[in-house]
Amino acid sequence: MFKATAQACANIALIKYWGKRNQAFNIPATDSLSLTLDKLTTTSTIEFSDKFTADTLSLNDTPLIKDARLTMWLDIVRKKADCTQYASVSSTNHFPTASGLASSASAYASLTVAATHALKLNLSIQEQSDLARQGSASAARSLLGGLVLLPSGTDPQGKDSVAVAIDDCSDWDIAMIIVVINHGKMKSMSSRDAMNHCAKTSPLYQCWLDTTSSDIKQAKQAIAQRNLNTLGTIMEHNTFAMHGAAWASRPPVRYATPATIAVLDSVNELRKQNIDCYITMDAGPHVKILTTHKHIDAVENRLKTITGVTEIITSGVGKHAALV
Ligand code: DP6
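Just so it is clear, the structure is predicted and the values come from calculations on it, not from any experiment.

1. Regarding the site of the ligand
- The immediate surroundings of the ligand are formed by 17 residues, with Tyr17, Lys20, Ser136, Ser138 and Arg192 found nearest.
- Here an oxygen atom of the ligand sits 2.8 Å away from a polar atom, N or O, in the main chain of alanine 137.
- Here an oxygen atom of the ligand sits 2.6 Å away from a polar atom, N or O, in the side chain of serine 138.
- Here the ligand loses 95% of its free accessible area of 460 Å² to cover by the protein chains.
- Of all the secondary structure elements, the ones that give two or more residues to the shell around the ligand are α4 (137-142) and α5 (191-201).
- When its residues are assigned to classes, the shell around the ligand shows six nonpolar, five polar and six charged.
- Lining the shell around the ligand are residues from two domains, each supplying at least three of them: domain 1 (2-170) and domain 2 (175-315).

The structure is reproduced here in structure tokens:
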């Protein structure tokens, strides 16, 4: 039977991937560094069979019409396995679906583990990473636990753009608070569309590319020294550099809402009270706060007073993706 189920955790980039050096193989233009989160997981089941007449996807038990991106990725998997069968895919996010939190990382990471197992493809972890990246680059990072580096590499087909676990954080007390913010009427542009638009139209895109390698270097040093203040500071700088480049796109790509800004202000105030907490933001209005367990209550209590904050999810460090 060509069927398997796997689970993977989402991850949040501390140093972002924002732009590609190759579209066909979905290769990031810069290195990125992320933290895998144990509270945000996706479980995916995949079945390949002669009885199917098309690829189908159901997300959180709701059947979706057609997913061209998924079919393109399935074609890559099928080619590797010399398989001609269509697939039935079902994916469930174990975090609030209305939250607008990106799930492509945990989805494609869980699908990579499930699909390669279902088709009995004996891939190395590097080959799995290469495959996950072609679904969604951030998914390569979700295959692994702890702090994970995804290099841009130099190979034209991205064979060296494969994720590496750099630290399991077992001796470091860090936590991530996900602050879910009400979108209101705003419709967010997907990270894929937004980064491509930014690369094409933003005069600050090249500055963004130029700043990342030094951010990665400083972040790695801070991690080695277990220095949350330095890591948090460089993470914030990197976030604002990414969003600055996005704001300068034509037309601009802006995700922050008034509630987003209120959260940023609160984090600044908390820091003045010696509470170690630092923000990062992705392709949405939500804010993610890096902190330590002893500060979680103080941060959560402050966040609860902000209008527009609809949910607060506190997560520890997650492990690698695995078969269920
Ligand atoms: C802002 O991995 O979703 O979250 O490779 O096109 O699927 P594709 O993009 P995706 O982009 C993530 C962008 C980000 C930053 C990050 O996670 O590094």
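2. Looking at the pattern of salt bridges
- Per the counting criterion, the structure on display carries 12 salt bridges.
- The salt bridge partner of arginine 78 is aspartate 55, with a shortest N-O separation of 2.8 Å. Taken together, the positions of arginine 78 in helix α1 (residues 68-81) and aspartate 55 in the loop between β4 (32-49) and β5 (56-59) put the pair 23 residues apart, joining distant regions of the chain.
- We classify arginine 78 as buried; its relative accessible area is 6%.
- Between arginine 133 and aspartate 130 there is a salt bridge, with its nearest N and O atoms 3.0 Å apart. A residue pair is termed a helical-turn pair when its members lie 3 or 4 positions apart in one helix, as arginine 133 and aspartate 130 do in helix α3 (residues 125-135) at three residues.
- A network of salt bridges, in which partner residues are shared, links Lys16, Asp282 and Lys288.

Definitions and limits used
All chains use their own residue numbering, which begins from 1 and follows the written sequence. Only residues with pLDDT of at least 70 get local features here, since the model is predicted, and only at 80 or more are side-chain atom pairs given and counted; chain-wide, interface and lining totals rely on the full set of residues. Excluded from the side-chain calculation are hydrogens and water; included are all heavy atoms of the structure. We call a residue near a molecule or strand as soon as one heavy atom of that residue lies within 4 Å of the molecule or strand. Within 3.5 Å is the distance limit for a polar contact, defined as a pair of N or O atoms, with the added protein rule that one can donate a hydrogen and the other accept it, and that residues adjacent in sequence qualify only through two side-chain atoms. Computed with a 1.4 Å probe, the accessible areas rest on the Shrake-Rupley method; for each residue, only the protein chains presented here act as cover. Counting from the N terminus, the helices are the DSSP runs of H or I reaching at least four residues and the strands are the DSSP runs of E reaching at least two. Charged residues are taken to be Asp, Glu, Lys and Arg, nonpolar residues to be Ala, Val, Leu, Ile, Met, Phe, Trp, Tyr, Cys and Pro, and polar residues to be all remaining types, Gly included. As used throughout, domain bounds are those supplied by an automatic or database domain assignment. Salt bridges are identified by distance alone: a Lys or Arg side-chain nitrogen within 4 Å of an Asp or Glu carboxyl oxygen. When accessible area is computed with a 1.4 Å probe and restricted to protein chains, residues below 20% of their type maximum are described as buried, those above 50% as exposed, and intermediate ones as partly exposed.

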